[in-house]
Amino acid sequence: MEQEQTPRWWAVIAVMIGIFLLVTAEQLPIGLLSQVSSSMGVTPGMAGLMVTVPGVVAAFSAPLLPVAVGRLDRRIMLTVLMVVMVVGSLLSAFASSFGQLLAARVLVGLSIGGFWAVAGGIAPRLVPEAQVPKAMTMIFGGVAAASVLGVPLGTLLGDYSNWRVAFGALGGFSLLTAIALWYWLPPLPPREPVRLRVLAKQLSNRGVRVAVLTTAFVVVGHFAAYTFISPILQEISGISQRHVGSLLLLYGAAGIMGNIAAGMFAGRHPYRAVLVIPSLLFIVVAAFPLLGGQPSSGVMLLMVWGAVFGSVSVSIQTWIIRTAPNTEAATALMAFTFNMSIGLGAMFGGQVVDSASLPIAMWMASGLFLVGALLVLRTPGSVVGVKTR
């Protein structure tokens, strides 16, 4: 019998911590880019592959791993993937060449995609239906918490020691999380094995299709700009580099508040929640080069940016749970889209920054947010809230 009647909050917490560590691992190189490029003798642009490689690998592992493992108990799958994260983090810490470091990042990407694909839709199996919004807010709070705690603290650890220590610490915490997952998760046999045709079938559902496309535009746009948040704050807002780390902590704190607010709002109004996100991001990011020319205004816009983007994961996942014929398959597609978009956003943003300027990159990003908002606007609100069987 499924564990729907008895809340398993420790299991929810373990999954949240897993998501926290995975997102931290994926984005940590943004804060350690200069250290790694200097240590490994590569250009900053080449070092940026540490973000692109796991993002692309995670994108493909998200839909393919659930297919490959078939009827494997999801408790076993999540625990094993966290162990893979341990191995990838430790190999990263001890890499003697940049090629070895990228190979280790492949393992990190493998664990990110597979874990997210399952964890994103696991809340309804751990708590009663009435408590699913709260459980999802907690799980996806790990994404925002990675920004407010994981990435800044990892960056500070790297600054005070070196980047290898930061990656090694990730490996240690991942091992503890793997143990927690094994002991706290109940047996979770898949309700329906995920097959390739089931994955493809999800896109025939209009709600899933719009959620996937909106996610792509929003996440590509976000990382096309946010990857370069340090030079944005320094060159546009005139903020000293020594204050950037502290401001990223505030940005992440705003993201956590946005995640909590979205978890409560999206549970009742998923359509409105998903419409508001790209609309506000369009306004904030487009206005930043024009209105963020002073430290005070730059910080204010950064906080709004963090709060809005912090609400993305829980809002769109709530939409998915309401509309998808197969929640795990649709979540796998979402994980594919999210992680591929991270890699593509960082890559495209870098090209625009190098060939044009930071403001042009931000306006390009805001254009993508506008497209995402128009996609949702053209979708009837009645699409959300009725499961298609």
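Look up a bit, the structure's there.
Rules used in this analysis
- Residues numbered from 1 in each chain as written.
- Predicted model: local features only at pLDDT ≥ 70, side-chain atom pairs only at ≥ 80, totals over all residues.
- Heavy atoms only, no water.
- Helix = DSSP H or I, 4+ residues; strand = E, 2+ residues; numbered from the N terminus.
- Expected span 1.5 Å × (residues − 1).
- Buried < 20%, exposed > 50% of the residue type's maximum accessible area, 1.4 Å probe, protein only.
- 1 Å grid on protein atoms, 1.4 Å probe; cavity = no way out; pocket = protein on both sides within 12 Å on 5 of 7 lines; lining within 4 Å.
- Points joined across faces, edges and corners; volume = space filled by probe spheres on them.
- Patch = residues over 30% accessible without salt bridge, like charges linked within 9 Å, V, L, I, M, F, W, Y side chains within 5 Å.
- Areas by Shrake-Rupley, 256 points an atom, 1.4 Å probe, with all protein chains shown as cover.
- Salt bridge = Lys/Arg side-chain N within 4 Å of Asp/Glu carboxyl O.
- Phe/Tyr/Trp six-rings, centres within 6.5 Å; stacked < 30°, edge-to-face > 60°.
- Lys NZ or Arg CZ within 6 Å of the ring centre and 35° of its normal.

## Description of helix α11 (residues 244-266)
At step 1: If you check α11, its first and last C-alpha atoms are 31 Å apart, about what 23 residues at 1.5 Å a residue would give, namely 33 Å.
At step 2: Every buried residue of α11 is accounted for by Val244, Leu247, Leu248, Tyr251, Gly252, Ala254, Gly255, Gly258, Asn259, Ala262, Gly263 and Ala266.

## Thoughts on empty space enclosed by the protein
At step 1: Summed over the entire model, instances satisfying the criterion amount to two cavities of 30 Å³ or more.
At step 2: Estimates place the volume of the second largest cavity at around 70 Å³.
At step 3: The wall of the second largest cavity is formed by Trp116, Phe140, Val312, Ser313, Ile316, Gln317, Met334 and Phe338.
At step 4: Those elements that place two or more of their residues in the lining of the second largest cavity are α14 (312-323) and α15 (327-355).

## Re a nonpolar patch on the surface
At step 1: Taken together, the side chains of Trp10, Leu72, Ile76, Val80, Phe173, Leu175, Leu176, Ile179, Trp182, Tyr183 and Trp184 define a hydrophobic patch exposed on the protein surface, amounting to about 1100 Å² of accessible area.
At step 2: Mapped by element, the contributors of at least two residues to the nonpolar patch are α4 (74-93) and α7 (163-184).
At step 3: Counting residues per element, the nonpolar patch draws most heavily on α7, at seven residues.
At step 4: Looking at the element boundaries, Ile179 is found in helix α7.

## With respect to the environment of Pro152
At step 1: Along the chain, Pro152 turns up in helix α6 (residues 132-160).
At step 2: Using a relative accessible area of 8% as the deciding quantity, one classes Pro152 as buried.
At step 3: For the pair Pro152 and Gly245, spaced 93 residues apart in sequence, the C-alpha to C-alpha distance is 6.3 Å.

## With respect to α14
At step 1: The end-to-end C-alpha separation of α14 is 17 Å, in line with the 16 Å expected for 12 residues at 1.5 Å each.
At step 2: For α14, the tally of buried residues reaches 11 of 12 residues, placing the bulk of the element in the interior.
At step 3: Taken together, the buried positions of α14 are Val312, Ser313, Val314, Ser315, Ile316, Gln317, Thr318, Trp319, Ile320, Ile321 and Thr323.

## Observations concerning the packing of aromatic side chains
At step 1: This structure, assessed with the given rule, holds 10 aromatic pairs.
At step 2: Ring geometry for Tyr226 and Trp305: centres 6.4 Å apart, planes at 75°, overall edge-to-face. Taken together, the positions of Tyr226 in helix α9 (residues 206-226) and Trp305 in helix α13 (residues 295-309) put the pair 79 residues apart, joining distant regions of the chain. Taken individually, Tyr226 and Trp305 each receive the classification buried, so the pair is uniform in this respect.
At step 3: Counting every residue linked through ring pairs, the aromatic cluster contains Phe223, Tyr226, Tyr251, Phe288, Trp305 and Phe309.
At step 4: A cation sits over an aromatic face here: Arg75 above Trp182, 3.9 Å from the ring centre.

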